[in-house]
Amino acid sequence: METKNCQKCKKDFVIETEDFNFYEKIKVPLPTFCPECRLVRRFASTNERVLYKRKCDFSGADIFSMYSSDTKFPVYDKDIWYSDKWDPYQYGMDYDFSRSFFEQFLELQNKVPRMSLVKQRMSVNSPYTHRVDDMKNSYMVFRTTRGTDSMYVYIAKDILNCMDSFAISDCELCYECIDCDKCYKTRFSQESKELRDCFFMHGCRNCSDCVGCVNLVNGQYYIFNVKYGKEEYFEKLKELKLNTVSGIKSMEQSFEEFRKKSPQKSTITLKSEDVSGNWFTNCKNVKESFWCINIRDGKYLFAVFDSQDCMDYFQWGNSCEQVYESENVGLNSSRIFFSTQCWMGAHDLYYCHSCPNSANCFGCIGLKKGEYSILNKKYTKEEYEIIKEKIIKQMNEVPYKGPDGIEYRFGEHFPNSLSDFAYNETAAIDFFPLTKEEATRKGFRWKDKEKKNYKTTIENRELPETIGDVDDSILNEIISCEEKDSEYSVGAYRITQDELSFYRRMDIPLPRACFDVRHKRRLVKRQLPELHNRNCSKCNVAVKTMYGESFAPILYCEKCYQQEVY
Ligand SMILES: [Zn+2]
Ligand SMILES: [Zn+2]
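Residues numbered from 1 in each chain as written. Chains lettered and ligands numbered in written order. Predicted model: local features only at pLDDT ≥ 70, side-chain atom pairs only at ≥ 80, totals over all residues.

(A) Focus on the overall build of the chain. Each helix and strand in the chain was counted, giving 12 helices and 33 strands. A compact globule built from 566 residues would reach a C-alpha radius of gyration of about 24 Å, and the chain, at 25 Å, matches this within 12%. Burial status across the chain gives 46% buried among its 566 residues. Across the chain, the fraction of contacts at a sequence separation of at least 24, relative to all contacts at a separation of at least 6, is 33%. (Helix = DSSP H or I, 4+ residues; strand = E, 2+ residues; numbered from the N terminus. Rg over C-alpha atoms; globule rule 2.2 N^0.38 Å. Buried ≥ 20, exposed ≤ 12 C-beta atoms within 10 Å, placed from the backbone. Contact = placed C-beta atoms within 7 Å.)

Structure below.
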């Protein structure tokens, strides 16, 4: 065990004995940033859901892109980017041992074209989606695998007809759901599984026709965990008026009070052992991690599945091994270090950016099937190995000094000053929210949001209470957002035909805020990915949990929760 002081936040952090083994195995020095600053650094280099309209710099066509139109580097439509119409090796540079590595990388980074959006496999009628694969008829869906007829969703898998949700899987006709799995026609629910026709549920499993329940298993016709007869249930449901804006608002309040009086399980796990963090399925020996499925031996992972022996890794997995300090790496990739956007069998990459299917590269950008390359210049295998070792040595002798005054040597991920994005364009703003002033003080860039200069035609408070009172003319209106002055709001929004059909089908009133505000509200309903040391409210055993005191006043350890609830 060794205690170190973080270069970024100046707080102490601990490197455990088993961490040393991993660093030794992959031949990297000890980190100099604490785990949280490393996580923020990874988050801050990936734009998840902020899209811009701009020109493709190859064809001139109008495209949607994760990059705004003022980037230093060219941006190509993703199909052109993947094609043979251009050659990333034409930007190759000789390595200059008198200059720092990151300085040279930045020079390359400002020249090489980037892919406009990240999309894989089929994409049918879903132009406004990003970091997705197999999408059909979807709009504003991000970070999703297999989505159909869905809108305004962030992080999902196998969804059909879902709206305004966050972190859901195998769901159909769900609305305002967070961390839900295998649900059908469920609304305003969180951390629940196998629900049908339910409203306002938390920590429930296998329930149907229930409202406002917490920790309920195998229930039907329950309201606030009280069982009713079938007819009585539907009468009471009617009285709650959950198809009106005021009914939803008052239910939201009473449900939140009720939830806080119920115990919260300290860690959400399924078939997992030896884990710390939250949301594990089929995991073994995974520490300080969040959202992991089928992982063996991992630490500091965030949203990774089907992988093993990885550390400091944000998204996504699918048969990956020995990925360290990287993000957006997946699909049969291995030994990926300090890299971003490398997938499809990529292996043995150091400091690479957008190099799918590449192997044995160091400091390259935009190579497709690249090999034995440094700064986009190709070498023989023997030359590559010699120069690579020389650069690693030189990176320690000639460190890069970031604008934040921090020295970056070999073993550090890309400095945030090299990120393609401003802090508030990235995942960092969602999981570690900062104001413009805070972000700037911490050395991150900030992009002032353009308020849509819409001339609104209707105020949100003028909208009818129920969807039944809305006619098709709403499709022509520009509605003011109820939080139009907040920094998250774009100011105004419109309702699309598909959206209107969904609200009608589900009997849901029109939203009163723009997507960005709705997204922000969902984030607030969850806890931040940080672990707190607390004690079980029943047996007093020490637990590590992401649930803070104010969110969950009553916290149960796994054992007590099993005894009392399941
Ligand atoms: Zn730190
Ligand atoms: Zn306990």
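(B) A look at the domain arrangement of the chain. For the chain, the assigned domains read domain 1 (141-261) and domain 2 (463-525). A separation of 19 Å is found between the C-alpha centroids of domain 1 and domain 2. Listed per partner, the contact involves 15 residues of domain 1 and 15 residues of domain 2. Contributions of two or more residues to the side of domain 1 that touches domain 2 are made by β10 (151-160), β11 (163-172) and α6 (245-260). (Domains from an automatic or database assignment.)

(C) Fine view of helix α4 (residues 101-109). Burial in α4 covers these residues: F101, F102, Q104, F105, L108 and Q109. All buried residues of α4 project into a common sector of 160° when viewed along the axis, lining one side. Where α4 is buried, its residues meet α7 (381-397), β27 (400-401) and β28 (407-408). (Arc of directions from axis to C-beta.)

(D) Molecular detail of the environment of V329. Position of V329 relative to the elements: it lies in strand β20 (residues 273-330). As for V329 and V470, which are separated by 141 residues in sequence, their C-alpha atoms are 45 Å apart.

(E) Focus on the nonpolar core. Formed by 70 residues in total, the largest nonpolar core has its most connected members in C292, L301, V304 and L349. Among the secondary structure elements, those contributing two or more residues to this core are α2 (35-43), α4, β20, β21 (334-337), β22 (340-343), β23 (347-350), β24 (359-362) and α8 (427-431). Of the residues forming this core, the biggest block, 24 residues, is contributed by β20. Dropping the residues within four chain positions of it, V304 is found in contact with C292, I295, G298, C310, Y313, Q315, W316 and G317. Ranked by size, the runner-up nonpolar core spans 57 residues in total, among them A156, V214, L216 and A492. (Core = buried A, V, L, I, M, F, W, Y, C linked by C-beta atoms within 7 Å.)

(F) Just the pairing of strand β7 (residues 119-124), in detail. β7 sits mainly on the outside: 0 of its 6 residues count as buried. Where β7 and strand β8 (residues 129-136) come together, 4 bridges link them in parallel fashion. Residue pairing across strands places V124 opposite K136, the latter belonging to β8. (Pairing = 2+ DSSP bridges.)

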